[in-house]
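Geometric and topological summary
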Amino acid sequence: GGSVGGRSYSQKECREKAKEVCEKKLGLKADWKEAWYYLGYYCDGGSVGGRSYSKEECLEKAKELCEKALDVDADNSSTWYSLGRTYGGIVRGQYYSRKECWAKQAECEEKAKAPRTPSPTPATTPAPTPAPASTATPTLVPTRNSCHEQVGRGLAALC
């Protein structure tokens, strides 16, 4: 078990709550890769839109969504992390193992931290407007905390 928001949950309650939240979220937005991952990995499957999914089907769905997202934006570090959690996959025709996905995640994060040199603009051109802050869903990074505490944090991100 673990505690979330000051309330203690048994291991069974953690899994039941995770399943409930994931099924509800996927009923509203079926392309949420994180919820598919949680439903498969932590809940051993579930029911979405009146259809039952096994653990393997949920993880496969998460993997497919990660692969599609990376085909569009291969610089998304959190999606590389998520693909690694599903044991790797194929992006733009190339297979990446779990370890290679996490290496790509680190590479993307380093690339994002690198200072960017602004391109010269003529004096008559207004300065570009800074991009808005990222609203990406936070990912879980493995820690020494119990997996149930990680699920709790993940559920908080999903809610």
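Structure's up top.
In this report, we go over the structure that sits alongside the text. Here the residue numbering is sequential within each chain, running from 1 through the sequence in written order. Predicted model: local features are reported for residues with pLDDT of at least 70 only, side-chain atom pairs are reported and counted for 80 or more only, and whole-chain, interface and lining totals are derived from all residues. Side-chain numbers here rest on the full set of heavy atoms in the structure, without hydrogens or water.

Topic: the packing of aromatic side chains
Within 6.5 Å between ring centres, the rings of Phe, Tyr and Trp (the latter by its six-membered ring) count as paired, and their orientation is classed by plane angle as stacked under 30 degrees, edge-to-face over 60, tilted in between. This structure, assessed with the given rule, holds 8 aromatic pairs. Centre to centre, the rings of Tyr41 and Tyr42 are 5.0 Å apart; their planes meet at 85°, and the pair counts as edge-to-face. Taken together, the ring pairs connect Tyr37, Tyr38, Tyr41 and Tyr42 into an aromatic cluster. Lying across the ring of Tyr38, Arg85 places its NZ or CZ 5.8 Å from the centre. Placement of a charge over a ring requires the Lys NZ or Arg CZ to be within 6 Å of the ring centre, with the centre-to-atom vector within 35 degrees of the ring normal.

Details of the nonpolar core
We call a set of buried Ala, Val, Leu, Ile, Met, Phe, Trp, Tyr and Cys residues a nonpolar core when their side-chain atoms join them within 4.5 Å. Remark: exposure states derive from per-residue accessible area (1.4 Å probe, protein chains only) relative to the maximum for the residue type, with buried under 20%, exposed over 50%, and partly exposed in between. Counting residues in each nonpolar core, the largest one holds 17 residues, and the members touching the most others are Leu26, Trp36, Tyr37, Leu39 and Val48. If you list the elements that add at least two residues to this core, you get helix H1 (11-28), helix H2 (33-41) and helix H3 (55-72). Here a helix means four or more residues in a row that DSSP labels H or I, a strand means two or more in a row labelled E, and each is numbered from the N terminus. When residues in this core are grouped by element, the largest group, 5 residues, is from H2. Whether two residues touch is decided by their heavy atoms; if any such pair falls within 4.5 Å, the residues are in contact. Excluding its chain neighbours within four sequence positions, the residues that come into contact with Tyr37 are Tyr42, Leu59, Ala62, Arg85 and Thr86. Core analysis: the next-biggest nonpolar cluster, separate from the first, contains 8 residues, Leu70, Val91, Tyr96 and Cys101 among them.

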